[in-house]
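Geometric and topological summary
One letter stands for each residue in the lines below.
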Amino acid sequence: MNLQNISAWSIRNPVVPLVLFAALLLAGMMSFKKMDVNDNPDIDFPAAEISISLPGAAPSEIETQITQITDAALRSINGVANISSTAREGSSRTFVEFSIGTDTDQAVNDVRSAIDTVRGDLPDGILEPRINRVDIGSGALAYFAVGASDMSLEQLSWFVDDTVSKRLQGVDGMAAVFRGGGVDREIRVVVDPAKMQALG
């Protein structure tokens, strides 16, 4: 049988192609059912976070004496896609995002080397810079803010816990839902010291 005439042969002998198609379909369905589903897939996001503290310094001092110097050093690293910094009283925090495909370990080492080169330009009294690899695989994949003008903070917190969280947990593939902020229910126990002493 010539491969150029395979379509004509298949039309004349339809049983073999149909059986082959059915076998491939069945094998594909069985393979799909046996595929593992991972609640927390391995997501490698090349990024690093730098935190430098100078106790007692004002945000303007932090920005000029620490943040601007570290940002300039980080811009010279190959593969840097974005740098965002926050200067607040006593601390500077910088988030460095690298291009997708960059080796994360190498990127963190490059950040560490860049900070070491400008260490002498930073003011005396800073605490040891902390450089951390950003691992988003173990963190949340999405955040939502909830607000309501017709509910108190307690009612809104209960609504999120009782309604929103339950519906989100019913979504296929949802691993966990957490509420941050709001208020948690608590029970306050007020004791009478005189009665307790009387009861020993």
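Worth saying up front: this structure is predicted, and the values here are computed from it rather than measured.

**A few points about the pairing of strand β2 (residues 80-88)**
In terms of strand pairing, β2 meets strand β3 (residues 91-98) through eight bridges, oriented antiparallel. In the strand pairing of β3, Ser84 is matched with Phe95.

**Some points on the layout of surface pockets**
If you add up the space inside the second largest pocket, you get close to 160 Å³. Lining the second largest pocket are Glu154, Ser157, Trp158, Asp161, Arg179, Val183, Asp184, Arg185 and Glu186. Partitioning the lining of the second largest pocket into residue classes produces two nonpolar, one polar and six charged.

**Notes on helix α3 (residues 59-75)**
Bending of α3 peaks at approximately 35 degrees at the position of Thr67. Every buried residue belonging to α3 is among Ile62, Ile66, Thr67, Thr70, Asp71, Ala73 and Leu74, and all of these are buried. Those residues of α3 that are buried lie in contact with β1 (47-53), β2, β3 and α4 (104-117).

**Examining the environment of Asn13**
Locating Asn13 in the fold gives a position in the loop between α1 (6-12) and α2 (15-34). Put simply, Asn13 and Glu128 are 115 residues apart on the chain and 77 Å apart in space, counted from C-alpha to C-alpha.

What counts as what
- Residues numbered from 1 in each chain as written.
- Predicted model: local features only at pLDDT ≥ 70, side-chain atom pairs only at ≥ 80, totals over all residues.
- Heavy atoms only, no water.
- Pairing = 2+ DSSP bridges.
- Helix = DSSP H or I, 4+ residues; strand = E, 2+ residues; numbered from the N terminus.
- 1 Å grid on protein atoms, 1.4 Å probe; cavity = no way out; pocket = protein on both sides within 12 Å on 5 of 7 lines; lining within 4 Å.
- Points joined across faces, edges and corners; volume = space filled by probe spheres on them.
- Nonpolar A, V, L, I, M, F, W, Y, C, P; charged D, E, K, R; others polar.
- Bend = angle between axes of the 7 residues up to and from the residue.
- Buried < 20%, exposed > 50% of the residue type's maximum accessible area, 1.4 Å probe, protein only.
- Contact = heavy atoms within 4.5 Å.

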